[in-house]
Amino acid sequence: MWRILIADDEEIECRGLEMMIQNNFKNIELLPSSYNGVTLLQNAQLLQPDLMIVDINMPGLNGLEAVELLRMKALSSKVIINTAYSDFEYIKKALLLGAVDYLIKPAEEQQLVDTVSRVLSSLEKERKKRHESRITEKKFQEIQKIIGKELMSSILLERPSEEEFRIWLEHMDRTFSGGLLAAVQIGDQRTQSVYLEQIRRLAEEELNRFCTSLSMIHKKTLYLFLLPGGQVGRNNYHSWVRELLNYLKKKIPEELSGDVLFGISQWKYEFERMPEALRECRAALHNPSQDGICFFEEEHEAGRTGGEEEQEAQMLADFMREGNEAQGRSLLARMLEKWREEGTGAWREQQRLACLLQRCGNMLQDQNGRHYSWRQTLNGLKQGDGAGNLDAAME
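Only a predicted model underlies this, so the values are computations on that prediction, with no experimental measurement involved.

Quick look at the packing of helix 2 (residues 37–47) against helix 3 (residues 63–72) now. Geometry of a packed helix pair, given as the angle between the helix axes and the separation of the axes. In contact at an axis separation of 9 Å, helix 2 and helix 3 are set at 30° when each is read in the N-to-C sense. Taken as axis vectors, helix 2 and helix 3 run roughly parallel relative to one another. The way helix 2 lies across helix 3 gives a crossing that is right-handed. In contact with Gly37, Leu40, Leu41, Ala44 and Gln45 of helix 2, helix 3 contributes Ala66, Leu69 and Leu70. Of the residues assigned to the contact of helix 2 with helix 3, the class counts are six nonpolar, two polar and no charged.

It is the contact of helix 1 (residues 11–24) with helix 5 (residues 109–156), at a shortest axis distance of 10 Å, that shows an interaxial angle of 65°. As helix 1 packs across helix 5, the resulting crossing turns out to be right-handed. Judged by residue contacts, Leu17, Met20, Ile21 and Asn24 of helix 1 engage Glu109, Leu112 and Val113 from helix 5. Classifying every residue of the contact of helix 1 with helix 5 gives five nonpolar, one polar and one charged.

On to the side chain of Ser213, then. Tracing the backbone through its elements, the reader meets Ser213 in strand 7 (residues 212–218). For Ser213, a relative accessible area of 13% translates into the label buried. A polar contact is formed between the side chain of Ser213 and the side chain of Asn208, at a distance of 2.8 Å.

Once that is clear, we can look at the sheet that holds strand 8 (residues 221–227). Spatially, five strands are ordered 7-8-6-9-10 in an open sheet, and the strand pairing comes out mixed. Two strands bound the open sheet, and with one partner strand each, they are strand 7 and strand 10 (293–295). Pairs of neighbouring strands in the sheet enclose a mean axial angle of 20°, with direction left out of account. With three bridges connecting them, strand 9 (residues 260–264) and strand 10 associate as parallel partners. Bridging from a neighbouring strand, Gly263 pairs with Cys294 of strand 10. The strands touched by helix 6 (residues 162–172) are strand 7 and strand 8; relative to strand 8, the strand with the most contacts, the crossing angle is about 65°.

Within the element layout of this structure, Asp55 appears in strand 3 (residues 51–55). In terms of polar contacts, Asp55 uses its side chain to reach the backbone amide nitrogen of Asn57, at 3.4 Å. The contact partners of Asp55, leaving out residues within four places of it in the chain, are Ala7, Asp8, Asp9, Gly63, Asn82, Thr83 and Lys105.

All right, on to helix 2 then. Within helix 2, burial applies to Gly37, Leu40, Leu41, Asn43, Ala44 and Leu47. Buried residues belonging to helix 2 abut strand 1 (2–7), strand 3 and helix 3. The positive-phi residue at the C-terminal boundary of helix 2 is Gln48, with phi of around 50°.

Spatially, five strands are ordered 2-1-3-4-5 in an open sheet, and the strand pairing comes out parallel. A single partner strand is all that each edge strand has here, and the edge strands are strand 2 (28–30) and strand 5 (101–104). Taking the axes of each pair of neighbouring strands and ignoring which way they run, one obtains an average angle of 20° across the sheet. Relative to the sheet, helix 3 contacts strand 3 and strand 4 (78–83), its axis offset from that of strand 4 by approximately 170°.

The rules behind each value
Residues numbered from 1 in each chain as written. Predicted model: local features only at pLDDT ≥ 70, side-chain atom pairs only at ≥ 80, totals over all residues. Heavy atoms only, no water. Axes fitted to C-alpha atoms, helices over the stretch in contact; angles between N-to-C directions. Helix = DSSP H or I, 4+ residues; strand = E, 2+ residues; numbered from the N terminus. Parallel < 35°, antiparallel > 145°, perpendicular 65-115°, else oblique. Left-handed = near helix turned anticlockwise from the far one by under 90°. Contact = heavy atoms within 4.5 Å. Nonpolar A, V, L, I, M, F, W, Y, C, P; charged D, E, K, R; others polar. Buried < 20%, exposed > 50% of the residue type's maximum accessible area, 1.4 Å probe, protein only. Polar contact = N/O pair within 3.5 Å; in protein donor to acceptor, adjacent residues only side chain to side chain. Pairing = 2+ DSSP bridges.

The quantities given are spatial measurements derived from coordinates; they are silent on function.
Have a look at this one:
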């Protein structure tokens, strides 16, 4: 059904156009006619017609002025100018203002039918295109969700799929300049499953306004994969994440927000290092800060970097430079035994081990001058016999 509005200061002209349209078109609704430019403005905004047939010469506000004002208000109606003027300058101005066609009074019936038919055909094509675009967009969003879920699953299984990540980035029209993982838990075990899903939905709705993100709940923990874009990196991600998550906390129900903990991984420039980020954000959860937002290593291990464990990291780096992995493993075994005697728990032991390995990796460089990650350091120490205990320590 197409809605048509006729505007002319002569009522007999309006009635004549209405009759010709009714006799030749079925799928139309004729809206009340307007007899001056002011009424045309009001009715067009109120009734939102698909097509308007507008006389140029009307009292108060002429047709050209009314069309210009309607275009300024972003009205999407198609406009056919109906004029007694054969001067092309009037017609040219009307077309420049957005009119799609014109009629010369008195309009012959066939001329009217042909002109209106062309415009309605154009409207039909546009409507069909919008419908197809909505269907395509819906399918596209469904595909994005499927790929996103597969991608998050690969990260949580510690087998990140580069191919799925590349496809996902292409679908999102994004480039990867680094990112991080956040783990979210709720202190009250009885309400975890319900509230975690609520927080996941909130994160999906709110965080995508500020960054690209994916989310998934796994084993009573919500994981957020955050990609903020080129303005955020290793040097400033702390403040960005804290501001982002404090914003999210304000959206969480007040009775729950104080019981939510966020564990944040270090910044990763390589997607293949997301398994490291997974371990880091999990470990960070066990060292909650006052505001419930806890960063891995820097904020919780900074006090140790100048002490005994810094010396141990230096010794470990020396062993690796010498190719003496066995002594390196022996050193780590002593450290693990010491930590277990302190009774800090398995998660804390994993975190301290990862921090020690990362400090060691920072002291080492590959042939391209890049520092080793803690995972690369661990893999280097696992060369040779007797490495099984290291695997067990990180499980």
